[in-house]
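Summary of structural features
Single-letter residue listing:
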Amino acid sequence: MTAMNMVQALNSALDVMLEKDESVLVFGEDVGFFGGVFRVTDGLQQRHGSRRVFDAPIAEGGQVGVAIGMGAYGLRPVVECQFADYIYPAFDQLVSAAARLRHRSAGEFNAPITVRSPYGGGIFGGQTHSQSPEGLFTHVCGLKTVIPSNPYDAKGLLISAIEDNDPVLFFEPKRLYSGPFDGHHDRPLQTWAKHKGGEVPLGYYKVPLGQAATVRDGQDLTVLAYGTMVHVALAAAEETGIDAEVIDIRTLWPLDVAPIIASVKNTGRCLIVHEATRTGGYGAELSAIVQEHCFYHLEAPVERVAGWDTPYPCEFEWDYFPGPLRVGDAMRRLMAA
């Protein structure tokens, strides 16, 4: 075990898989010699060669289309889409080709591809570098959607994604890339050590897809979150003194429903937190699941804290970002209901 931030953990995962499996390739914009805009692929081309780690043109649809063809014929490509905001040109390839290939070929072909992409705000990237499009992909049958919240999970989940025989969207919260964060842009995180810290094994290991993790036990209410918002929820629970149980969704689809149901039935209250815009966001699906399975156990309506239904601002980012103050207020409202 060694201390790593998320960038280092992701780099280690890619390095391990390139070494372990000759069918693994890594490509995308600036991922080769430069090592990626966030340095996640730093040093990989030097270690594994330019035939396995290489730059691709600024054409996301072309990148994913090529990856689908590679996957259908036995390779396991990992594509880096430089920002999640740029993934839309590849949407048709992901939805119409990658997600449908196994079904439409009656199992003759599949698309074992992984599309990595930094998502979310917290770095003053504005509306074209801060989007959270994960909900769009959870709607599509045949795609898996994964979002880690800490270095240990990031490495283990990425290895599982690369080895999976279906296409995986792997969104990386760039606000967590360099280290811990609690939702306050000017304060170090106190809860990081309680959430697997930054200790990561150097070699091969997997965190299974489709399994949520309870990162804080509690009896008062249940918080469902993923990515950066896990740490915001932990901070809000500590600041309010509310005994909140925090569940890290980790894999948005396929969703691990059982621990969610068990927790909400126990606490009787549920708060859902995500950074994406509220309307049509992934939190609405979580809310529906809780309503369907836990209605007679609820002591208050399910509440959501999310991004506003506006483009992501740059100058006023911290008024948009769902921070501990907004989450803490929602916790208090639920407890008062």
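Residues numbered from 1 in each chain as written. Predicted model: local features only at pLDDT ≥ 70, side-chain atom pairs only at ≥ 80, totals over all residues. Heavy atoms only, no water.

Considerations on the environment of G121
This is how the line gets drawn: By definition, any uninterrupted DSSP run of H or I lasting at least four residues is a helix, any uninterrupted run of E lasting at least two residues is a strand, and each is numbered from the N terminus. Any pair of residues with heavy atoms lying within 4.5 Å of one another is described as a contacting pair.
Relative to the helices and strands, G121 resides in the loop between β5 (114-119) and α6 (134-138). Measuring from C-alpha to C-alpha, the distance between G121 and P173 comes to 8.0 Å, with 52 residues separating the pair along the chain. Not counting the four nearest positions on each side in its chain, G121 is found in contact with S130, R175, E275, Y312, E317 and F321.

Some points on the pattern of salt bridges
Heads up, the condition is: Between Lys or Arg on one side and Asp or Glu on the other, a salt bridge is scored when a side-chain nitrogen of the former is within 4 Å of a carboxyl oxygen of the latter. Each residue gets one of three labels from its accessible area relative to the maximum for its type: buried under 20%, exposed over 50%, partly exposed in between, using a 1.4 Å probe on protein chains only.
Tallying each qualifying case throughout the model produces 13 salt bridges. Where R216 meets D243, a salt bridge forms, and the shortest distance between an N and an O atom there is 4.0 Å. With R216 in strand β9 (residues 213-216) and D243 in the loop between α8 (228-240) and β11 (244-248), this residue pair connects regions lying 27 residues apart in the sequence. With relative accessibility at 30%, the residue D243 sits in the partly exposed group. Here E303 ties to R333 by a salt bridge, and the two come within 2.3 Å at their closest N and O atoms. Here the residue E303 occupies a position in strand β14 (residues 303-307), and R333 occupies one in helix α12 (residues 324-336), the gap between them amounting to 30 residues. The class of R333 is partly exposed, set by a relative accessible area of 46%. By sharing partners, the salt bridges in this structure join R102, K144, D164 and D166 into a single network.

Comments concerning the nonpolar core
When a protein is soluble and globular, its nonpolar side chains tend to lie buried together. Formally: For our purposes a nonpolar core is just a set of buried Ala, Val, Leu, Ile, Met, Phe, Trp, Tyr and Cys residues, chained together by side-chain atoms within 4.5 Å.
If you look at the biggest cluster of nonpolar residues, it comprises 46 residues, and the most contacted ones within it are L224 and I249. Going through the elements one at a time, β2 (24-28), α3 (60-72), α4 (91-98), β5, β7 (168-173), α9 (257-267), β13 (270-277) and α10 (282-294) are the ones with two or more residues in this core. Among the nonpolar cores identified, the runner-up in size contains 31 residues, and A9, L10, I159 and Y177 belong to it.

Section: the state of the cysteines
For clarity, the threshold we go by: Any two cysteine sulfur atoms lying within 2.5 Å of each other are counted as a disulfide.
As enumerated under the stated definition, the model contains 0 disulfides in all. Note on C294: no disulfide assigned, nearest cysteine sulfur contributed by C270 at a separation of 7.8 Å.

A short note on the environment of A67
Looking at where A67 falls in the secondary structure, it is placed in helix α3. On the accessibility criterion, A67 (0% relative accessible area) is buried. Each C-alpha atom of the pair A67 and P112 lies 8.9 Å from the other, and the pair is 45 residues apart in sequence. Ignoring any residue separated from it by four or fewer positions in sequence, one finds A67 in contact with F27, P77, V79 and I113.

Overview of the confidence of the model for the chain
This is how it is decided: The predictor attaches a confidence to each residue, and that confidence, scored 0 to 100, is pLDDT.
In this model, the chain carries a mean pLDDT of 93, and residues with pLDDT of at least 70 account for 95%. This model gives residues 185-196 a pLDDT under 50, and the stretch forms 31 contacts once residues within four places in sequence are excluded.

Quick look at the sheet that holds strand β10 (residues 221-225)
Which entries qualify depends on this criterion: If DSSP finds at least two bridges between two strands, the strands pair. To obtain an axis, a line is fitted to C-alpha atoms, over the contacting stretch when the element is a helix, and the angle between two such axes runs from 0 to 180 degrees between their N-to-C directions.
What the 5 strands build is an open sheet, ordered β9-β11-β10-β13-β14; its pairing is mixed. Looking at which strands have only one partner, the edges of the open sheet turn out to be β9 and β14. Across the sheet, the mean angle separating the axes of adjacent strands is 25 degrees when strand polarity is ignored. Its contacts with the sheet put α9 on β10, β11 and β13, and the angle it makes with β10 is roughly 150 degrees.

Topic: the packing of aromatic side chains
So the rule is basically this: Stacked, edge-to-face and tilted are the three classes for Phe, Tyr and Trp ring pairs, Trp counted by its six-membered ring, which pair at centre distances within 6.5 Å; planes under 30 degrees apart are stacked, over 60 edge-to-face, the rest tilted.
Under the counting rule described, the total for this entry stands at 14 aromatic pairs. Residues F124 and W318 carry aromatic rings whose centres are separated by 6.2 Å and whose planes lie at 70 degrees to one another, so their mutual orientation is edge-to-face. Of this pair, F124 sits in the loop between β5 and α6 while W318 sits in helix α11 (residues 317-320), and the two are 194 residues apart along the sequence. Owing to a relative accessible area of 42%, F124 belongs among the partly exposed residues under this scheme.

Some thoughts on the side chain of T267
Note the cut-off: As used in this structure description, the phrase polar contact means that two N or O atoms lie within 3.5 Å; if the pair is within protein, one of them must be able to donate a hydrogen and the other to accept it, and residues adjacent in sequence are counted only when both atoms belong to side chains.
As for its placement among the helices and strands, T267 is situated in helix α9. Only 2.9 Å separates the side chain of T267 from the side chain of T222, close enough to count as a polar contact. When neighbours within four sequence positions are excluded, T267 is seen to be in contact with G218, Q219, D220, L221 and T222.

Side note on the pairing of β2
Along β2, 5 of the 5 residues are buried, which leaves the element largely enclosed by surrounding structure. Every second residue of β2 is oriented toward a common face, with V24, V26 and G28 on one face and L25 and F27 on the other, all of them buried. Relative to strand β4 (residues 76-80), β2 is paired through 5 bridges, and the arrangement is parallel. Each residue of the ladder has a partner; that of V26, found in β4, is V78.

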